[in-house]
Amino acid sequence: MHIPDGLIAPQVYLAATALVAPVWALGVRRLTRRLDERLIPRLAVLTALAFVLSTIMIPLPGGTSAHLIGIGLLVIACGFWAAFLAFSLMLLLQAVVFGAGGITTLPINALCMGLVGGGVIALGHRALIGRLAATRWSMLAVLLPVWAGIAVAATLIALVLGIQPLLGQDSSGQPLYFPFRIAVTLPVIVMPHLVTGAIEGLLSAAVLEILPARRLAT
Amino acid sequence: MSSKCDRCLLLAWLAAVVVISQLHDPMLLGVLLAAILVLYGRGLPGALKRVLAAVALVNITVSLGFAIHAMLDERPWLEFVLRLNLRVVVLTLLTLRASQGIRLERALDFSPGLQFLLVLAQGQIRALQRLAADFRFGFTSRNPVPLALGGRMQGAARQAAALMEKAESHAEALTEGMQSRGFFDDRD
Amino acid sequence: MIATEITTEIALLQFDSVAFGYGDGRRVLDQVSFDLAAGERLVVLGANGCGKSTLLKLANGLLFADSGIVRYQGRRLDRAGLAAKDWRREFRASVGLVFQHPEAMLFNPSVGEEIAYGPQRLGKPNPEGLALEWARRLGLERHIERAPFALSGGEKQRLALACVLACEPRLLLLDEPTANLDPRAIGWLIDHLAGATQLAVMTTTQNLALAVELGQRALVLSEAGRILFDGLLEVALADTELLVEANLAHRHLHRHQDGTQHRHLHSHGDWS
């Protein structure tokens, strides 16, 4: 989710960086063990894929559209750790190379959407695919985990935003950072993501149906 | 510019982001914005347009929402609205300027693997972006009448699938290309 | 009785009944056998999908034959053979492949570093100076600090050439080298190869006009990946039935105003 820099307190994004950095290191170690230096070209392409997938517009009812997040497709097609690292690198490139900003929200997006959201998708898919693969409900093994992953990630982001008013006010009582509390951020952020998450889940299922061979899997 | 320069710039920019995100005085933020505008250099009008396009929706929504709520409660709101908007614009403009000056792969060249990764990723982004653009043009040209939701969904799905297939062949080609030049030899 | 000394020179590259498929059940190359001598110039002709690029990748040790043997300087080019680190290093220095899509082989932060990469790995003295020299030869000196991904298609192709030539290989493999090159660059390439008489070159192309500039010997592949012809290029180009069978030329119906019609031979590039 693109949140401009300046809305989140340094205590939060620096703490998020401290939390996510060891997970990045763990991801690199795990993937390098499996792929050695051949990880480099594969991860580069996955990062580019994550970047360009996020430019695809998914259609919403009413003629509007929203950006695809792509984390569901990446996790299921390529594996959790590769998807997590590629998603994080994509955020870094967006902020620093393409000047789109979001450097302070990078660790938060990486944690919430990449790690937790991606983790929910990976675990959910693993739990369901065995049961549903050979049935006519096989698309649920993609739709449900993707929807759940995006919903959980959106909830976490809503919580992060919602605690900002607690992190300081000026002398006149006006907030220093994002001003709305959890009671506002939860419905405002989570509700739309329940819709977009479901549609992204449907789209991910449709894509993976067209792409049976998972040669990008790591 | 040497890697050391890029690294210093990167660190300076990151430090500036942390410092600025702790500035709350609208006056100070206003002076900072003025300084950035003066010192920005070439491309300022385009940069401003880009920054405003990127932050307008969120900033206007948050500012209006807060202001209306505060006005109804008869609480002050101006300082917050100024603080929020000035700080966001300052940081976004600074980041845009920094991105034009810093070569990230040089700044991070203490890790050769990371450097190669960043160089390759940037090249692949351009390649896949071209494909995505071609696909969108192709889809538009073959659908002169706007499609219903189902049709648009299928279009988006096929676009994503085409990108993923291309990514697969790119990954294989890149691995072969690097192997051909002996990149993996010293480690095998 | 006079003892006769028989000397047999080992071919630089040998393909012996090589077959290869990509695992989807389709044979891309079948029963391919030929030798390439040191300094020889071989042009591989064939339509799209006939296995030309695959042939080069087999010769570069990137792919391994399903059956048959590929040898370089008498040594088997297979997984076991390339497992020996020292020989693998020597092989990679000696054989250079310029990919049809040069993005596949460019991964350094700048043009200068890209060209210097190979010589540096091989321990050549002054790799930066060498890089600058090759950049100048290929008209890339003003791009020396630029990132390879920021170059145009033709510039990337020239850069890929520079990267491989800077390593001074014994065998140069060129995959459709002129796909993105402008006439000046093509002229440079032809002149350079004409001057590098010690260099063996295997080029794949569909462009028959270019073929006559790049080699005297031709290997013509069928669409099924089999060798239809191995011999003098000029003989191959004069054999219109061969060219049609290999889908390198076609006859389209030509109608005259008086109502008569005949099939007119056409191909990519006018080699006549």
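Look a little higher up for the structure.
What this report covers is the structure whose coordinates are included nearby. Everything numeric here is computed off the predicted structure, so don't read it as measured data. (Residues numbered from 1 in each chain as written. Chains lettered and ligands numbered in written order. Predicted model: local features only at pLDDT ≥ 70, side-chain atom pairs only at ≥ 80, totals over all residues. Heavy atoms only, no water.)

Here we take up the side chain of A:Glu200. All names here are of chain A. In this structure, Glu200 sits in helix H7 (residues 182–210). Within the local environment of Glu200, its side chain forms a polar contact with the backbone nitrogen of Ile69, the two atoms lying 2.9 Å apart. Filtering out sequence-adjacent residues up to four positions away, Glu200 remains in contact with Ile58, Leu68, Ile69, Gly70, Ile71, Val146 and Ile150. (Helix = DSSP H or I, 4+ residues; strand = E, 2+ residues; numbered from the N terminus. Polar contact = N/O pair within 3.5 Å; in protein donor to acceptor, adjacent residues only side chain to side chain. Contact = heavy atoms within 4.5 Å.)

What follows deals with the interface of chain B and chain A. Residue-level contacts link 69 residues of chain B with 65 residues of chain A. Together, the buried faces of chain B and chain A total about 5,800 Å²; carbon and sulfur atoms form 74% of this surface. Ranking the residues of chain B by area buried against chain A places B:Met153, B:Met164 and B:Glu168 at the top, with a combined share of 12%. Viewed at the interface, chain A and chain B are joined by 1 salt bridge. (Buried area = accessible area lost by both parts, 1.4 Å probe. Salt bridge = Lys/Arg side-chain N within 4 Å of Asp/Glu carboxyl O.)

All names here are of chain C. Read across the sheet, 6 strands follow the order S6-S7-S8-S3-S9-S10 without closing on themselves; strand pairing throughout is mixed. What marks the edges here is a single partner per strand, and that holds for strand S6 (95–98) and strand S10 (227–232). Across the sheet, the mean angle from the axis of one strand to that of its neighbour is 15°, orientation sign disregarded. Judged from the 5 bridges that link them, strand S3 (residues 41–45) and strand S8 (residues 200–205) form a sheet pairing that is parallel. Counted as the bridge partner of Val43 is Thr203 from S8. Docked against the sheet, helix H3 (residues 85–94) engages S6 and strand S7 (171–175), running at close to 50° with respect to S6. (Pairing = 2+ DSSP bridges. Axes fitted to C-alpha atoms, helices over the stretch in contact; angles between N-to-C directions.)

Another point: the nonpolar core. Residues A:Leu49 and A:Val207 are the most contacted members of the largest nonpolar core, which totals 134 residues. In this structure, this core is formed jointly by two domains, domain 1 (3–106) and domain 2 (111–180) of chain B, each of which donates at least three residues. If you look at the next biggest cluster of nonpolar residues, it comprises 85 residues, including C:Leu58, C:Tyr72, C:Ala162 and C:Cys163. (Core = buried A, V, L, I, M, F, W, Y, C linked by side-chain atoms within 4.5 Å. Buried < 20%, exposed > 50% of the residue type's maximum accessible area, 1.4 Å probe, protein only. Domains from an automatic or database assignment.)

Per the counting criterion, the structure on display carries 16 aromatic pairs over all chains. Considering the side-chain rings of A:Phe80 and A:Trp81, the 5.1 Å spacing of their centres and the 70° angle between planes classify their relative orientation as edge-to-face. Exposure class is identical for A:Phe80 and A:Trp81. Each is buried. Ring centres 4.8 Å apart and planes at 85° place the aromatic pair B:Phe116 and B:Phe183 in the edge-to-face group. A residue pair is termed long-range when its members are at least 10 positions apart, and B:Phe116 in helix H6 (residues 112–142) and B:Phe183 in the segment after helix H7 (149–180) qualify at 67 residues. Given the relative accessible area of 1%, B:Phe183 is considered buried. Its end group placed over the ring of B:Tyr40, B:Arg97 keeps NZ or CZ at 5.4 Å from the ring centre. The aromatic ring of C:Trp134 is capped on one face by C:Arg137, whose charged end is 4.3 Å from the ring centroid. (Phe/Tyr/Trp six-rings, centres within 6.5 Å; stacked < 30°, edge-to-face > 60°. Lys NZ or Arg CZ within 6 Å of the ring centre and 35° of its normal.)

Here the focus is helix H3 (residues 71–78) of chain A. Residue and element names in this part refer to chain A. Burial of H3 is extensive: 8 of the 8 residues sit out of reach of the surface. Considered for burial, the residues of H3 that qualify are Ile71, Gly72, Leu73, Leu74, Val75, Ile76, Ala77 and Cys78. The first or second residue beyond H3 is Gly79, which carries a positive phi of 100°.

Let's shift gears to unusual backbone geometry. At C:Ser17, a position not held by glycine, the phi torsion is positive, near 50°. Along the polypeptide, C:Ser17 turns up in strand S1 (residues 13–21).

Moving on to the pattern of salt bridges. Two side chains bearing opposite charge may form a pair once their charged atoms approach each other closely. Scanning all chains against the criterion turns up 21 salt bridges over all chains. Taking the shortest distance from any N to any O, the salt bridge between B:Arg75 and B:Asp73 comes out at 3.4 Å. Look at B:Asp73 and you get partly exposed, because its relative accessible area is 44%. C:Glu113 is the salt-bridge partner of B:Arg106, the closest N and O atoms lying 2.6 Å from each other. In this pair, B:Arg106 is assigned in helix H5 (residues 104–107) and C:Glu113 in helix H4 (residues 111–121), connecting two distinct chains. By relative accessible area, which is 8% here, B:Arg106 ends up buried. Salt bridges sharing common partners tie together B:Asp185, C:Arg88, C:Arg92 and C:Arg121.

Both faces of the sheet carry side chains from a regular strand, because those side chains alternate between them. Residues and elements named next belong to chain C. Most of S7 sits inside the fold, with 5 of its 5 residues counted as buried. Because side chains alternate across S7, one face comprises the buried residues Leu171, Leu173 and Asp175, and the other comprises Leu172 and Leu174, equally buried. Where S6 meets S7, 4 bridges bridge the pair, whose relative direction is parallel. By the bridge assignment for S7, Gly96 is matched with Leu172. In the sheet, S7 pairs with S8 via 5 bridges, with the strands oriented parallel. Opposite Leu173, over in S8, you have Met202 as the bridge partner. With helix H7 (residues 183–195) bridging S7 and its parallel neighbour S8, the resulting β-α-β unit is right-handed. (Right-handed = clockwise from strand over helix to strand, strands pointing away.)

Here we come to helix H1 (residues 3–20) of chain B. If you check H1(B), its first and last C-alpha atoms are 25 Å apart, about what 18 residues at 1.5 Å a residue would give, namely 26 Å. Burial in H1(B) covers these residues: B:Ser3, B:Asp6, B:Leu10, B:Trp13, B:Val17 and B:Ile20. Across the axial projection of H1(B), the buried residues extend over an arc of 135°, all falling on one side. Residues of H1(B) that are exposed and point more than 90 degrees away from the buried face comprise B:Lys4, B:Cys8 and B:Leu11. Looking at the buried side of H1(B), the elements it contacts are helix H1 (10–35) and helix H4 (80–97) of chain A together with helix H2 (26–39), helix H4 (78–101) and H5 of chain B. (Expected span 1.5 Å × (residues − 1). Arc of directions from axis to C-beta.)

Once that is clear, we can look at the sheet that holds strand S2 (residues 27–36) of chain C. All names here are of chain C. Taken in spatial order, the 4 strands line up as S2-S1-S4-S5 in an open sheet, and their pairing is antiparallel. Two strands bound the open sheet, and with one partner strand each, they are S2 and strand S5 (75–76). In this structure, S1 lies alongside S2, joined through 6 bridges in antiparallel fashion. For Phe20, the partnering residue across the bridge sits in S2 and is Leu29. On the sheet, helix H1 (residues 52–59) packs against S1, S2 and strand S4 (67–72) and is oriented at approximately 125° with respect to S1.

On inspection of all chains with the given rule, the structure shows 0 disulfides over all chains. Residue B:Cys8 stays outside any disulfide, its sulfur separated by 6.5 Å from that of B:Cys5, the closest cysteine. (Disulfide = S-S within 2.5 Å.)

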